[in-house]
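As a plain string of letters, each chain reads:
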Amino acid sequence: MTVELSGAEIVVRCLQEEGVEYVFGYPGGAVLFIYDELFKQSKVKHVLVRHEQGAVHAADGYSRSTDKVGVSLVTSGPGVTNAVTGIATAYMDSIPQVIITGQVPTHAIGLDAFQECDTVGITRPCVKHNFLVKDVKDIAVTMKKAFYIAATGRPGPVVVDIPKDVTQAKAAFRYPETISMRSYNPVTKGHAGQIKKSIQTLMKASRPMIYTGGGVVLSGAAEELAQLVRRLGFPCTNTLMGLGAYPATDRQFLGMLGMHGTYEANMAMQHCDVLLAIGARFDDRVIGNPRHFFNEARTIIHVDIDPSSISKRVKVDIPIVGNVRDVLREFMRQLDASKEKPDPEALKPWWAQIEQWRSRDCLKYDRASPIIKPQHVIERLYEVTRGDAFVTSDVGQHQMWAAQFYKFEKPRRWINSGGLGTMGFGLPAAMGVQLAHPKAAVACVTGEASIQMCIQELSTCKQYRLPIKVVNLNNKYMGMVRQWQEFFHGNRYAESYMDALPDFVKLAEAYGHVGMKIEKPEDVEPALKEAFSRKQDLVFMDFVTDQTENVFPMVPGGKGLSEMILV
Amino acid sequence: MRHIISVLLENEAGALSRVSGLFSARGYNIESLTVAPTEDATLSRMTIVTTGSDEVLEQITKQLNKLVDVVRVIDLSDGDHIERELMLVKVRAVGKDREEMKRMADIFRGRIIDVTDKDYTIELTGTGSKLDAFLKAIDASAILETVRTGASGIGRGDRLLRA
């Protein structure tokens, strides 16, 4: 006779089978049986957060900094609704996650039971897929499907909603080794003919440009991208989500593009004649007004795993649907076989133009300022960590400065909420990163507004001894809101001033951490050095920065990519 | 332009809401949507009538294909197809209307499926425009109730939509 296990035990066994290292979660009535089973074993470690949003962000940071699926576990009702922001964040940035949610018992569903909510309905628009498991016999296959769907194709979060009685019921356990679904067959290999056509087009280009996004990071194709870019000798730019996919200190790198991209990247993007877009989706923060973008004629080649990303905002001439890594390998294979070589001479005028744009030095700022400039903090952070830290961020000006001034050389080092733009993401994400990389330097670049959205996670950091370095760029304003109000709302700073701020040093100390307040530019570097030398401690650095500093360049909303406001 | 899209999807709880949710979330039009299980009980067949530019239709098909529950999608309007809609109309049938309604139902090849001393219920099948024409042809004040299923469509000949 086969041994029967409870649904809760099956859930935990599935996590073990998937090799899950950490589950980020928060217990509650509907998931008590699952917690009981987690308690009885030691393979899967549970990390107790202080708010469910933190759990999903932490699993997210864990996933972004590795190539693994992040896992979180929350209870029904408010546990789920608190997690929704985290789920939507992961969805917008295509991060593979499995979120296990408790549900009221099957007999109580639909009766407005205590802590009941329609989890499948609420999360449906912000998940790649979701399941309600109504029979204990379906748990194992559903969990297998969840991990498979989350990690394959264009990745994304998958919710598995399990009613309490299903976790209590018993069934035989067998974890499927493989899964096949007739309705879900993601493509991998790109069309060889389209790739051939692309190469012919690229060889004829006189003003080529390579624009890459998060897809390169997600598919683990940074190495292939570097090979291709160097081989072709073309300029390359990364989106906010794609930073680190191409080494930022390389001469062929033009910096980030988009709303706060560099002058040279945006100008090259606007004026190129052939654009090779790889794992990027031409979103509004990247190309600005699409009509203005089409004022210049160019041939667009677009590589993406998601067919719906192609020709969504801009019409594409050569679409290539496929996994970025597979497609880039095929590009290299065909380039090797082809007799055609890019002609560096023919590209000289284009590079000369780019160098002229580059000499505009669009990221310059007042380095002699007696008040701490936020850019100065990020530059020192880059130096002190030798460009090798994992950097998470929240959302706003500090995020843009981190993206502009920390030169990421490797993928999966820059972790931020690009699509949804979730304030409160940085600290919990850093927890996941630090757990995945216990010995690595992990910095959370944040602001006094963002950090307060998930500040309770400082308590989690204490419990698990996570030596994160919080870089708080404190200008007492929701800086990006203030910047828009200055530029577009007649300097009327409606509700963007952060009054009654806590004493962050004392607050950090209250949570059992080290707090530092830094007020002078010359103290920035010593403070960072000291903080990063404290390998065991979380250090909260509160930098008092220039309140009037703005992020430049800036493409105002609705404007064209080349219509930048420059400093 | 009007398009008629056929979708083959897993016959699972919530599959319909994934499709309708997609249309509302992305601002696509739905003129009508009809769904029922096929001869294979694990599959449902859905017909969606929508309007939009070529770009919008391209996105609709791609987004539908992206749904994990969706097995296959075709735009029937891309080729030869047949579409039919069923309508039940309850009309007042007293005095001189009684004979007239019977005559109109016959002309449109409708069938009277329920009769009382005051009204008829007429069943009518055809394209949407035929059903519209019937409603226009009869005295509007005589219409008591109208129920329409929305269009169902199928490709002609060997144009098949199978799993």
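Scoring rules and cut-offs
- Residues numbered from 1 in each chain as written.
- Chains lettered and ligands numbered in written order.
- Predicted model: local features only at pLDDT ≥ 70, side-chain atom pairs only at ≥ 80, totals over all residues.
- Heavy atoms only, no water.
- Contact = heavy atoms within 4.5 Å.
- Buried area = accessible area lost by both parts, 1.4 Å probe.
- Salt bridge = Lys/Arg side-chain N within 4 Å of Asp/Glu carboxyl O.
- Polar contact = N/O pair within 3.5 Å; in protein donor to acceptor, adjacent residues only side chain to side chain.
- Nonpolar A, V, L, I, M, F, W, Y, C, P; charged D, E, K, R; others polar.
- Core = buried A, V, L, I, M, F, W, Y, C linked by side-chain atoms within 4.5 Å.
- Buried < 20%, exposed > 50% of the residue type's maximum accessible area, 1.4 Å probe, protein only.
- Helix = DSSP H or I, 4+ residues; strand = E, 2+ residues; numbered from the N terminus.
- Domains from an automatic or database assignment.
- Pairing = 2+ DSSP bridges.
- Axes fitted to C-alpha atoms, helices over the stretch in contact; angles between N-to-C directions.
- Phe/Tyr/Trp six-rings, centres within 6.5 Å; stacked < 30°, edge-to-face > 60°.

**Some thoughts on the interface of chain A and chain B**
Item 1. Opposite the 17 residues of chain A that make contact, chain B presents 17 residues.
Item 2. For the pairing of chain A and chain B, the buried interface totals around 1500 Å² over both sides, and the portion due to carbon and sulfur atoms is 45%.
Item 3. Summed over the three residues of chain A that lose the most area to chain B, namely A:Arg124, A:Arg182 and A:Ser183, the buried surface amounts to 42% of that side.
Item 4. For the pair chain A and chain B, the number of links is 4 salt bridges.
Item 5. Residues A:Lys315 and B:Glu58 are paired through a salt bridge, measuring 4.0 Å at the closest nitrogen-oxygen approach.
Item 6. Between chain A and chain B we count 11 residue pairs in polar contact (both at pLDDT 80 or more) in total.
Item 7. Counted by class, the side of chain A that touches chain B contains 5 nonpolar, 5 polar and 7 charged residues.

**A short note on the nonpolar core**
Residue and element names in this part refer to chain A.
Item 1. The biggest cluster of nonpolar side chains holds 101 residues, and the ones touching the most others in it are Phe331 and Phe543.
Item 2. The biggest single contributor to this core is helix 14 (residues 324-337), with 6 residues.
Item 3. Looking at which domains feed residues into this core, each of domain 2 (192-358) and domain 3 (374-544) gives three or more.
Item 4. When residues no more than four places from it in sequence are discounted, the contact partners of Phe331 are Ile195, Ser198, Ile199, Leu202, Leu228, Leu276, Val303 and Ile320.
Item 5. Core analysis: the second largest hydrophobic core is formed by 39 residues, Val12, Met143, Val160 and Ala171 among them.

**So, the sheet that holds strand 15 (residues 390-393) of chain A**
Consider a sheet: its strands pair through backbone hydrogen bonds, and that pairing is either parallel or antiparallel.
Residues and elements named next belong to chain A.
Item 1. One open sheet holds the 6 strands; their spatial order is 16-15-17-18-20-19, and the pairing between them is parallel. Since the sheet does not close on itself, it has two edges, and those belong to strand 16 (414-415) and strand 19 (514-518), each with one partner.
Item 2. Pairing geometry for strand 17 (residues 442-447) and strand 18 (residues 469-474), over 5 bridges, is parallel. Counterpart to Cys444 in the pairing with strand 18 is Val470.
Item 3. On the sheet, helix 17 (residues 397-405) packs against strand 15, strand 16, strand 17 and strand 18 and is oriented at approximately 135° with respect to strand 17.

**Structural notes on the side chain of A:Ser72**
Item 1. Structurally, A:Ser72 can be placed in strand 4 (residues 70-74).
Item 2. The residues contacting A:Ser72, other than those within four sequence positions of it, are A:Val23, A:Phe24, A:Ala55, A:Val56, A:Ala59, A:Gln97, A:Val98, A:Ile99 and A:Ile100.

**So, the packing of aromatic side chains**
Aromatic rings in a pair are described by how distant their centres are and how their planes are angled relative to each other.
Residue and element names in this part refer to chain A.
Item 1. Taken as a whole and judged by the stated rule, the model has 21 aromatic pairs over all chains.
Item 2. Ring geometry for Tyr477 versus Tyr497: centroids 5.2 Å apart, planes at 70°, classification edge-to-face. Of the two residues, Tyr477 is situated in the loop between strand 18 and helix 20 (479-488) and Tyr497 in the loop between helix 20 and helix 21 (504-510); the sequence distance between them amounts to 20 residues.
Item 3. With a relative accessible area of 16%, Tyr477 lands in the buried category.
Item 4. Tyr497 gets classed as partly exposed once you look at its relative accessible area, which sits at 40%.
Item 5. Ring-pair connections join several aromatic residues into one group, and the members of that group are Tyr382, Tyr406, Phe408 and Trp414.

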